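The residues making up each chain are set out below.
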Amino acid sequence: SVPQIIFLNYSIKLDRSDGEIEIQLINKTIAEGTLKIINAEPEISKPGDLMCFSLNNKLEPVDSIIISDPLNITVESVDENNSLFKKEIARDSAQFSVRWQLNETINTIAIKRNINSDSQNSYLLITKIR
């Protein structure tokens, strides 16, 4: 079969009153092709990051990636002395994208928030692919 990549675009919104997060699928596109494999250091998930899982037809994880917290971004700026500094900016909403190399075992993509508490174990959103 021809190799395929899935592109998923999501919006994420934070309800400040209760701290709940809502994620919605904007669109999904499947195209022919392969992703380049980059042998980088394994990422370490931080609180607030999103964990994205590919799941098989029994909803068992096949693979996962980390998405840096889209609601908290770091920007670099220059102060009046022309010195660079970094600043964290918290947002109420944002958009983010996921791309994944598809194979015959992947049926679903699921997103979970990385929180320090072990009680938060449910997926925020599950996107059926096939």
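1. Examining the sheet that holds strand β4 (residues 61-67)
Line of reasoning, step 1. Ordered in space as β4-β3-β8-β9, the four strands form an open sheet in which the pairing is antiparallel. Only two strands of the sheet have a single neighbouring strand rather than two, namely β4 and β9 (125-128). The mean inter-strand angle of the sheet, taken between neighbouring strand axes irrespective of direction, is 20°.
Line of reasoning, step 2. Relative to β9, strand β8 (residues 108-113) is paired through four bridges, and the arrangement is antiparallel. Its bridge partner lying in β9, A110 is registered against I126.

2. Looking at a negative patch on the surface
Line of reasoning, step 1. The grouping of D15, D18, E20 and E22 at the surface amounts to a negative patch.
Line of reasoning, step 2. Mapped onto the elements of the fold, E22 is located in strand β2 (residues 21-32).
Line of reasoning, step 3. Given a relative accessible area of 42%, E22 falls into the partly exposed group.

Procedures and definitions
Every chain's residues receive numbers from 1 upward, in the order its sequence appears when written. Residues qualify for local features only when their pLDDT is at least 70, as the model is predicted, and side-chain atom pairs are given and counted only at 80 or more; totals for whole chains, interfaces and linings, by contrast, use all residues. The side-chain figures draw on all heavy atoms in the structure; neither hydrogens nor water molecules are used. A pair of strands is treated as paired once DSSP finds two or more bridges between them. Secondary structure counts use DSSP, requiring at least four H or I residues in a row for a helix and at least two E residues in a row for a strand, with both numbered from the N terminus. In this analysis an axis means a line fitted to C-alpha atoms, helices contributing only their contacting stretch, and an angle means the value between N-to-C directions, from 0 to 180 degrees. Think of a patch as exposed residues, more than 30% relative accessible area, with no salt bridge, where like charges cluster within 9 Å and nonpolar side chains (Val, Leu, Ile, Met, Phe, Trp, Tyr) cluster within 5 Å. Here the Shrake-Rupley method, with its probe set to 1.4 Å, supplies the accessible areas, and only the displayed protein chains count as covering residues. When a carboxyl oxygen of Asp or Glu lies within 4 Å of a side-chain nitrogen of Lys or Arg, that pair is called a salt bridge. Under the counting rule used here, the positive set is Lys and Arg, the negative set is Asp and Glu, and His together with the chain ends is not counted. Where a charge lies is defined by one atom per residue type, namely NZ (Lys), CZ (Arg), CG (Asp) and CD (Glu). Whether a residue is buried, partly exposed or exposed follows from its accessible area with a 1.4 Å probe, protein chains only, as a fraction of its type maximum: under 20%, in between, or over 50%, in that order.

Function cannot be inferred from these measures alone, as they are strictly geometric.
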